[in-house]
Amino acid sequence: MFLKDKTDGTLVEILDMQALIDPNKNSISGQTQAGQEEQNPETFDKAQLKFPSGEDLPLCWMDTNYPKE
């Protein structure tokens, strides 16, 4: 899955989908998509990522107190 960095618009390939949807984790591992060479994995703050369409990540992925009904 690819997300976009809110600060500079760079695409980020998410390496750990479980961490992405876990509201207890504030950061995730990913690789920026810049140039033709594979980039080294980096840690990204989930609050600084959004979907390529511009939508923010779902609150249930970010907030441990999100209502569970």
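Here is what the cut-offs are and how they apply
- Residues numbered from 1 in each chain as written.
- Predicted model: local features only at pLDDT ≥ 70, side-chain atom pairs only at ≥ 80, totals over all residues.
- Heavy atoms only, no water.
- Helix = DSSP H or I, 4+ residues; strand = E, 2+ residues; numbered from the N terminus.
- Buried < 20%, exposed > 50% of the residue type's maximum accessible area, 1.4 Å probe, protein only.
- Contact = heavy atoms within 4.5 Å.
- Pairing = 2+ DSSP bridges.

(A) Representation of the overall build of the chain in the model. In terms of regular secondary structure, the chain is built from one helix and five strands. Listed by position from the N terminus, the elements making up the chain come as β-β-α-β-β-β. Dimensions of the chain along its principal axes, counting C-alpha atoms only, are 45 × 20 × 15 Å. Burial status across the chain gives 23% buried among its 69 residues. When contacts within the chain are restricted to residue pairs at least 6 apart in sequence, those whose partners lie at least 24 apart make up 36%.

(B) Looking closely at the sheet that holds strand β5 (residues 49-50). Across the sheet, five strands lie side by side as β4-β3-β2-β1-β5; this open sheet has antiparallel pairing. The sheet is open, and its two edges are formed by β4 (42-45) and β5, each paired on a single side. By the bridge criterion, four bridges tie strand β3 (residues 27-32) to β4 in an arrangement that is antiparallel. Of the residues in β4, the one forming a bridge with Ser-27 is Asp-45.

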